[in-house]
Amino acid sequence: TGSRVPMRILVTGGSGLVGKAIEHVVQQEGGKLEGEEWIFLSSKDGDLVDVGQTRAVFEKHRPTHVIHLAAKVGGLYQHMKENLLFLRDNLKINDNVLQTAHEMGVAKVVSCLSSCIFPENTTYPIDETMVSSFSLLFTHCRPGVSNSFYPRATSALWFPSKGRL
């Protein structure tokens, strides 16, 4: 009869920039289809660095689909001071969300992770029109792009083509 299977979409990072934009489209612009239930999480709903809290969130909401946007974020100076901690926490968040989604039989996970990006040569303040005006290879990228970083004994993160960040 063409009826849709009910979908429960869990959005991690629902209080962030992209999560709020999705929530706006779903709730204000008619983006929600019949049979869909959308849940927008913030860090107040559970600490996704902790596997037990991650599982509890998934148990509570029983998603069929996940849009994974959550990450530990902070300002430029906090990232510079605690870059290894940011990397490790973001790796834990990603592992916990993906593993729990797998264990609970989630049909599909869309993972859209970002980082704080600070171009070397730009004018400030930076706005959204400037994001595509610089190369990822020549920016100071933080833990969201974790596979491009290598922890060293000094607890600094290194980018292969640029040296110490």
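Residues numbered from 1 in each chain as written. Predicted model: local features only at pLDDT ≥ 70, side-chain atom pairs only at ≥ 80, totals over all residues. Heavy atoms only, no water.

- Looking at an unreviewed UniProt entry, the chain carries the name GDP-L-fucose synthase, with the source organism given as Cyclopterus lumpus.

## Looking at the side chain of His61
- Tracing the backbone shows His61 in helix α2 (residues 51-61).
- Classification of His61 by relative accessible area gives buried; the value is 16%.
- Aside from chain neighbours lying at most four places away, what touches His61 is Arg8, Leu10, Ile39 and Leu41. (Helix = DSSP H or I, 4+ residues; strand = E, 2+ residues; numbered from the N terminus. Buried < 20%, exposed > 50% of the residue type's maximum accessible area, 1.4 Å probe, protein only. Contact = heavy atoms within 4.5 Å.)

## Some thoughts on the pattern of salt bridges
- Applying the stated criterion across every chain yields a total of five salt bridges.
- Note that Glu23 and Lys20 form a salt bridge whose closest N and O atoms lie 3.1 Å from each other. Highlighted residues: Glu23 and Lys20, both in helix α1 (residues 17-28), separated by three residues, approximately one helical turn.
- Here Lys20 falls in the partly exposed class, since its relative accessible area comes to 44%. (Salt bridge = Lys/Arg side-chain N within 4 Å of Asp/Glu carboxyl O.)

## Quick look at the side chain of Glu23
- Look at Glu23 and you get buried, because its relative accessible area is 16%.
- Once residues lying within four places of it in the same chain are set aside, the contact partners of Glu23 are Gly14, Gln28 and Phe40.

## Things to note about the environment of Asn94
- Summarising the element assignment, Asn94 is placed in helix α4 (residues 83-103).
- In this structure, the C-alpha to C-alpha distance between Asn94 and Leu69, residues 25 residues apart in sequence, is 9.4 Å.

## Things to note about the pairing of strand β3 (residues 65-68)
- Pairing analysis gives four bridges linking strand β1 (residues 7-12) to β3, with the strands arranged parallel. The residue bridging Leu10 from the neighbouring strand is Val66, located in β3.
- Relative to strand β4 (residues 108-111), β3 runs parallel, the two sharing four bridges. Each bridged residue has a counterpart across the sheet, and for Val66 the counterpart in β4 is Val109. (Pairing = 2+ DSSP bridges.)

## Details of α2
- Among all positions in α2, only Thr54, Val57, Phe58 and His61 are buried. Around the axis of α2, the buried residues are gathered within 95 degrees of arc, so they sit on the same side.
- Buried residues along α2 sit in contact with β1, β2 (36-40), β3 and α4.
- Structurally, the start of α2 carries an N-cap: the backbone nitrogen of Gly52 is 2.9 Å from a side-chain oxygen of Asp50.
- Two residues or fewer after α2 comes Arg62, characterised by a positive phi angle close to 45 degrees. (Arc of directions from axis to C-beta. Polar contact = N/O pair within 3.5 Å; in protein donor to acceptor, adjacent residues only side chain to side chain.)

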